Amino acid sequence: MSERIVVAKFGGTSVADAAQLRKISTIIRSNPERRFIVVSAPGKRFPEDIKVTDLLLACYEKATAGESFAQELDQIRMRYREIVDGLQMVFPLNEEIRTLEESLLTNPERDYTASRGEYLTAKIMAQYLGFTFVDPAWCVCFDEDGQLNDAMTRRTMRASLLPLSRAVIAGFYGADMNGRIRTFERGGSDITGSLAACAVNADLYENWTDVSGLYAANPAIVENPETVSYMSYRELRTLSYMGASVLHSDAVLSASELEIPINIRNTNIPENPGTMIMRHLPSGVTKNPVTGVSGRKGMSLVQIEKVMVSDGSGFSALMLDILKERSLPFEYCLTGIDSITLVIRSDLLESCKEELIAEIRNTLHPDFIGLRGNLSLIAVTGEKATEASDANVRVLEKLTEEGIEISTINQGAGKLNLLIGVPEERYEDAIRAIYEFRQSISPSSK
Ligand code: ASP
């Protein structure tokens, strides 16, 4: 058996129907290193379709309200019937659906119900591939408060998986000490994949989805953006936090701790190498100084001025204490000689705006407090663009050339790690301008 271990996770669209499962089977069989397979529940086959997890949750809602859930359960049965028949399998689908129905009628539990999509998909996939089925209820351990117990999961998963030559593990759920099923947040099968990769100390964690990697900019704003071939964990975290969603951010954290490379791949175009996320760029690879650009609207700017804010009297610390007491997170905080600038999500600020300003006035006696809404925040990342590159300056020049007002700038040290505030109405223009700049300095465009 091959020494290298690859953990391959397949998302909802990759397991949406029998045809997709056949593609997965070809992908798995084309590389024997793909020993541990993690699957989501069937997702959408077309834009108006409903994900199986949503159908399951609808069953649960109806069951707890004492209403009939027969229609939703029937849709779920039909989704799996198409898969099982399409793969010409003999699978006890009716029994499985009956067990689910009974639980909904007698003792409906939200997490248990939501988890059945992954459970059934993994069971079917394991049988189809001839792999062992691993129920994460045995090895993904949650504490009673519903939080993942990382250390115990790593040990238990390692002990469960390593003796197996090949296995399919259901994503998205585990169980607590009492055996009660617990789920992660939505999109959590990515986390299961990452946990499995860490538990077996995989050489690679493949995340198979329906796009060929991470785009350098949002395709809803930029036409046909390039996919990024290589990026670091940190770049991915920044871009994902700022709205580029392809992988659950918790999944990135655990893989980056053990430096397990993550490869985002497209089940529908398996020959495309996708995006590789790793700490260090392989030697000989040249990277665009701007890895990507992403952003979010709905931000507000709070500006507090006082002469010599930074004189060591703890003004900034007091300001942050006020936010902490209110459990009000901020996107960033910049301290100048005479001012503090905070960027806060407008939806969080809205409900406590007046009280917050009054408290700042009473506690800190500032010379001026200004508040400005309708701001968007744009992140531009590029780990290779260190001191040697002037990409940061040129990004700002480009925005100025386009007549886009720069309301605030935060430049992290050493790397191209820019957070730029621009008015919401120029958000899309700004993303397009930065992307255009990125393409103009692309190593391949020279
Ligand atoms: N099936 C779950 C969801 O729809 C988890 C996942 O797909 O990762 O959110």
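Cut-offs and rules
- Residues numbered from 1 in each chain as written.
- Predicted model: local features only at pLDDT ≥ 70, side-chain atom pairs only at ≥ 80, totals over all residues.
- Heavy atoms only, no water.
- Helix = DSSP H or I, 4+ residues; strand = E, 2+ residues; numbered from the N terminus.
- Buried < 20%, exposed > 50% of the residue type's maximum accessible area, 1.4 Å probe, protein only.
- Contact = heavy atoms within 4.5 Å.
- Patch = residues over 30% accessible without salt bridge, like charges linked within 9 Å, V, L, I, M, F, W, Y side chains within 5 Å.
- Areas by Shrake-Rupley, 256 points an atom, 1.4 Å probe, with all protein chains shown as cover.
- Salt bridge = Lys/Arg side-chain N within 4 Å of Asp/Glu carboxyl O.
- Polar contact = N/O pair within 3.5 Å; in protein donor to acceptor, adjacent residues only side chain to side chain.
- Pairing = 2+ DSSP bridges.
- Axes fitted to C-alpha atoms, helices over the stretch in contact; angles between N-to-C directions.
- Phe/Tyr/Trp six-rings, centres within 6.5 Å; stacked < 30°, edge-to-face > 60°.
- Lys NZ or Arg CZ within 6 Å of the ring centre and 35° of its normal.

(A) A look at the environment of Ile 169. Within the element layout of this structure, Ile 169 appears in strand β5 (residues 167-170). Note on Ile 169: relative accessible area 0%, which makes it buried. Sequence separation between Ile 169 and Lys 123 is 46 residues, and the spatial gap between their C-alpha atoms is 8.4 Å. Contacts of Ile 169, omitting those with residues within four sequence positions, involve Phe 36, Ile 37, Val 38, Val 39, Ala 122, Val 134, Met 157, Leu 161, Thr 192 and Ala 196.

(B) Region of the structure containing a nonpolar patch on the surface. Together, Val 307, Met 308 and Ile 337 give the surface a local cluster of nonpolar side chains, amounting to about 300 Å² of exposed area. With respect to the element layout, Met 308 can be found in the loop between β12 (292-305) and α10 (315-325).

(C) A look at helix α9 (residues 249-257). Ala 251, Val 252, Ser 254, Ala 255 and Ser 256 are the residues of α9 that are buried. Residues of α9 that are buried in the fold lie against α6 (150-161), α7 (189-199), α8 (233-241) and β10 (262-266). Glu 259 occupies a position one or two residues after α9 and carries a positive phi of about 55 degrees.

(D) Representation of the environment of Lys 306. Locating Lys 306 in the fold gives a position in the loop between β12 and α10. Placed 160 residues apart in sequence, Lys 306 and Gly 146 show a C-alpha to C-alpha distance of 45 Å. Among the polar contacts made by the side chain of Lys 306, one reaches the main-chain carbonyl oxygen of Leu 364 at a distance of 3.4 Å. A polar contact of 3.0 Å, which involves the side chain of Lys 306, links it to the backbone oxygen of His 365.

(E) The sheet that holds strand β17 (residues 416-423), seen in detail. With antiparallel pairing, six strands are arranged side by side in an open sheet as β13-β14-β12-β15-β17-β16. Only two strands of the sheet have a single partner each, and these edge strands are β13 (332-335) and β16 (408-411). Between one strand axis and the next, the sheet turns by 25 degrees as a mean value, whatever way the strands run. Relative to β17, strand β15 (residues 368-382) runs antiparallel, the two sharing eight bridges.

(F) Quick peek at the packing of aromatic side chains. The final tally for this structure, using the stated rule, is four aromatic pairs. Geometrically, the ring pair formed by Phe 10 and Trp 208 is stacked, given 5.7 Å between the ring centres and 15 degrees between the ring planes. Here the residue Phe 10 occupies a position in strand β1 (residues 6-10), and Trp 208 occupies one in strand β8 (residues 204-209), the gap between them amounting to 198 residues. The exposure class of Trp 208 is buried, given its relative accessible area of 1%. Taking the centre distance of 5.8 Å and the plane angle of 80 degrees together, the rings of Tyr 119 and Phe 133 count as edge-to-face. Of this pair, Tyr 119 sits in helix α5 (residues 110-129) while Phe 133 sits in strand β3 (residues 132-134), and the two are 14 residues apart along the sequence. The buried category is assigned to Phe 133, whose relative accessible area is 17%. Every member of this aromatic cluster is reached through a ring pair, and the members are Tyr 119, Phe 133 and Trp 138. A cation over a ring is seen here: Arg 116 above Tyr 119, with NZ or CZ 4.2 Å from the ring centre. Between the NZ or CZ atom of Arg 116 and the centre of the ring of Tyr 173, over which it lies, the distance is 5.4 Å.

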